[in-house]
Amino acid sequence: MQTVRIGLVGAGGIAGAHARGYAQLRELGRVVAVCDVVGEAAARRARELEAERTYTDWRQLLAATGDQAVDAVDICLPHDQHAEVTMAALAAGKHVLVEKPIATTTEDAWRMVDAARRAGRVLQVGHNERFDPQYQEMRRLVLEGAIGEVFGARADHNQNVVLPAGHWLRDAVRSGGGSLIGSGIHRVDLLRWLVGEVVEVSNVQLIRPERLEGEALAFTTFRFSTGALGELSTNWAVRRFPWYELMWLYGSEGSLHNVGGLHLDSTRRP
């Protein structure tokens, strides 16, 4: 199997999580180039990943040819830059992994999807929670009918996000919103995976301007293609919370949740 040569675009906080993943998968993919507008950050991340090259302009990374070329790019940039860099990478013939959310608007998201189809390249969004063992076990139990017909779901995301003045996440235009698009999108992805496609959605939001311009608190309700209902609470202004993330599925034969571990209550349980 050929090792994929990866260019990491963005060397900030979330890139550290990606770096830990690459360290465990060296036989599958290797970061050979790192780009960040802050040259020192790019160099520091490159040393961590044993990458040979650094850039301060992602266009130079994409333009590299021959032995300097990359097969795929991993985009760990502020949300408002996802679409531009993704479109350019696909046009350059690269596969793309882009951090969530895919973009700040649905129009940009669909442009990215269409560009990947035209280019015949893989475009993947960083919805890593589908690979979390607890959620994979949840899905297995649902598919096996352990709780019968799933008719409802509840999901929470609780966090105390305190950002310094000037941070891009405080800017609603750059971030695309707040707690819902920034973190709740993981819960939305899991709900679609565990329950079904969303056919109807409603949302109310609350802004705490001392925190950020986007929503600090949001409540979202869903109707799924299966007929099931769902609710999602995302809160970036919780000082103390009994759980960080919750997923609770309600079925005709029982329920399944992950508060303090994975718990199944079912009439079908032996």
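Up top is the structure these notes are about.
Keep in mind the model is a prediction, meaning the values are calculated, not measured. (Residues numbered from 1 in each chain as written. Predicted model: local features only at pLDDT ≥ 70, side-chain atom pairs only at ≥ 80, totals over all residues. Heavy atoms only, no water.)

*Asks:* Help me understand the overall build of the protein in this model?
*Replies:* If you tally the helices and strands in the protein, you get eight helices and 13 strands. Taken over the C-alpha trace, the protein has a radius of gyration of 20 Å; the compact-globule value for 270 residues is 18 Å, and the two agree within 12%. Each principal axis of the C-alpha distribution contributes one length, and for the protein these read about 60 × 50 × 35 Å. Summed over its atoms, the accessible surface of the protein is roughly 13900 Å², and 53% of this surface lies on carbon and sulfur atoms. Taking the average location of the 30 positive side-chain charges in the protein and that of its 33 negative ones, the two points are 2 Å from each other. (Helix = DSSP H or I, 4+ residues; strand = E, 2+ residues; numbered from the N terminus. Rg over C-alpha atoms; globule rule 2.2 N^0.38 Å. Areas by Shrake-Rupley, 256 points an atom, 1.4 Å probe, with all protein chains shown as cover. Lys, Arg positive; Asp, Glu negative; His and termini not counted. Charge placed at Lys NZ, Arg CZ, Asp CG, Glu CD.)

*Asks:* Would you mind showing me how to read the sheet that holds strand S10 (residues 229-235) here?
*Replies:* Two orientations exist for strands paired in a sheet by backbone hydrogen bonds: parallel and antiparallel. Here we have seven strands laid out as an open sheet, ordered S8-S9-S10-S7-S11-S12-S13, and mixed in their pairing. The open sheet has two edge strands, strand S8 (198-207) and strand S13 (263-266), and neither has a second partner. On average, each strand axis in the sheet is inclined to that of its neighbour by 10°, with strand direction left out of account. The sheet contact formed by strand S9 (residues 215-224) and S10 spans seven bridges and is antiparallel. Note on S10: the bridge partner recorded for threonine 220 is leucine 232. (Pairing = 2+ DSSP bridges. Axes fitted to C-alpha atoms, helices over the stretch in contact; angles between N-to-C directions.)

*Asks:* Just to check I follow, could you spell out helix H8 (residues 179-194) for this structure?
*Replies:* Since there are 3.6 residues in each turn of an α-helix, residues three or four apart along the chain are aligned in direction. Between its first and last C-alpha atoms H8 spans 21 Å; for 16 residues at 1.5 Å apiece the expected length is 22 Å, and the two agree. The largest bend in H8 amounts to roughly 50° and is located at isoleucine 185. The element H8 is extensively covered by neighbouring structure, given that 14 of its 16 residues are classed as buried. (Expected span 1.5 Å × (residues − 1). Bend = angle between axes of the 7 residues up to and from the residue. Buried < 20%, exposed > 50% of the residue type's maximum accessible area, 1.4 Å probe, protein only.)

*Asks:* Just checking my understanding: could you explain the pattern of salt bridges for this structure?
*Replies:* It is possible for side chains of opposite charge to pair when their charged atoms get near one another. On inspection of all chains with the given rule, the structure shows 18 salt bridges. Note that aspartate 71 and arginine 5 form a salt bridge whose closest N and O atoms lie 3.1 Å from each other. Here aspartate 71 is found in the loop between helix H3 (58-63) and strand S4 (72-75), whereas its partner arginine 5 is found in strand S1 (residues 4-9), with 66 residues between them in sequence. Of the residues examined, aspartate 71 reaches a relative accessible area of 21% and is grouped as partly exposed. Since its relative accessible area comes to 28%, arginine 5 is described here as partly exposed. (Salt bridge = Lys/Arg side-chain N within 4 Å of Asp/Glu carboxyl O.)

*Asks:* Can you walk me through helix H1 (residues 13-24) in this structure?
*Replies:* Among the residues of H1, those classed as buried are Ala15, Gly16, His18, Ala19 and Tyr22. All buried residues of H1 project into a common sector of 165° when viewed along the axis, lining one side. The exposed residues of H1 that point more than 90 degrees off its buried face are Gly13, Arg20 and Gln24. (Arc of directions from axis to C-beta.)

*Asks:* How should I be thinking about the packing of aromatic side chains in this particular structure?
*Replies:* Here a ring pair, both rings aromatic, is described through the centre-centre distance and the interplanar angle of the planes. Counting across every chain of the model gives two aromatic pairs. Their ring planes at 35° and their centres at 5.8 Å tell us that tryptophan 248 and tyrosine 250 sit as a pair that is tilted. Relative accessible area serves as the criterion here: at 26%, tryptophan 248 is assigned to the partly exposed category. Tyrosine 250 sits in the partly exposed class, given a relative accessible area of 27%. (Phe/Tyr/Trp six-rings, centres within 6.5 Å; stacked < 30°, edge-to-face > 60°.)

*Asks:* Would you mind showing me how to read the layout of surface pockets here?
*Replies:* It is a probe the size of a water molecule, rolled over the atoms, that shows where empty space is left. In this model, the second largest pocket occupies a volume close to 920 Å³. If you trace the second largest pocket, you find 25 residues lining it, with Ile102, His127, Ile185, Val188 and Arg192 closest to the centre. Of all the elements in the fold, those that place two or more residues in the lining of the second largest pocket are helix H5 (106-119), strand S6 (123-125), H8, S8 and S9. Among the elements that make up the lining of the second largest pocket, the one with the highest residue count is H8 (six residues). (1 Å grid on protein atoms, 1.4 Å probe; cavity = no way out; pocket = protein on both sides within 12 Å on 5 of 7 lines; lining within 4 Å. Points joined across faces, edges and corners; volume = space filled by probe spheres on them.)

*Asks:* Explain empty space enclosed by the protein here, please?
*Replies:* Evaluation of the coordinates by the stated rule reveals one cavity of 30 Å³ or more. Around the largest cavity, the lining residues are Ala19, Tyr22, Ala23, Arg26, Gly29, Arg30, Val31 and Leu49. For the lining of the largest cavity, the secondary-structure elements that each account for two or more residues are H1 and strand S2 (29-35). In the lining of the largest cavity, the residues fall into five nonpolar, one polar and two charged. (Nonpolar A, V, L, I, M, F, W, Y, C, P; charged D, E, K, R; others polar.)

*Asks:* Mind showing me how you'd approach the side chain of aspartate 74 here?
*Replies:* Along the chain, aspartate 74 falls in strand S4. Despite its burial, aspartate 74 remains without a salt bridge, the nearest opposite charge being carried by arginine 45 at 9.8 Å.

*Asks:* What is the right way to look at the sheet that holds S1 in this model?
*Replies:* Spatially, the six strands line up as an open sheet ordered S3-S2-S1-S4-S5-S6, and their pairing is parallel. Two strands close off the open sheet at either side, each with one partner strand: strand S3 (53-55) and S6. Neighbouring strand axes in the sheet, compared pairwise and without regard to direction, differ in orientation by 25° on average. Pairing analysis gives three bridges linking strand S5 (residues 95-98) to S6, with the strands arranged parallel. Note that in S6 the partner of valine 96 across the bridge is leucine 123. Sheet strands touched by helix H4 (residues 82-91): S1, S4, S5 and S6. Its angle to S5, the strand with the most contacts, is close to 165°. (Contact = heavy atoms within 4.5 Å.)

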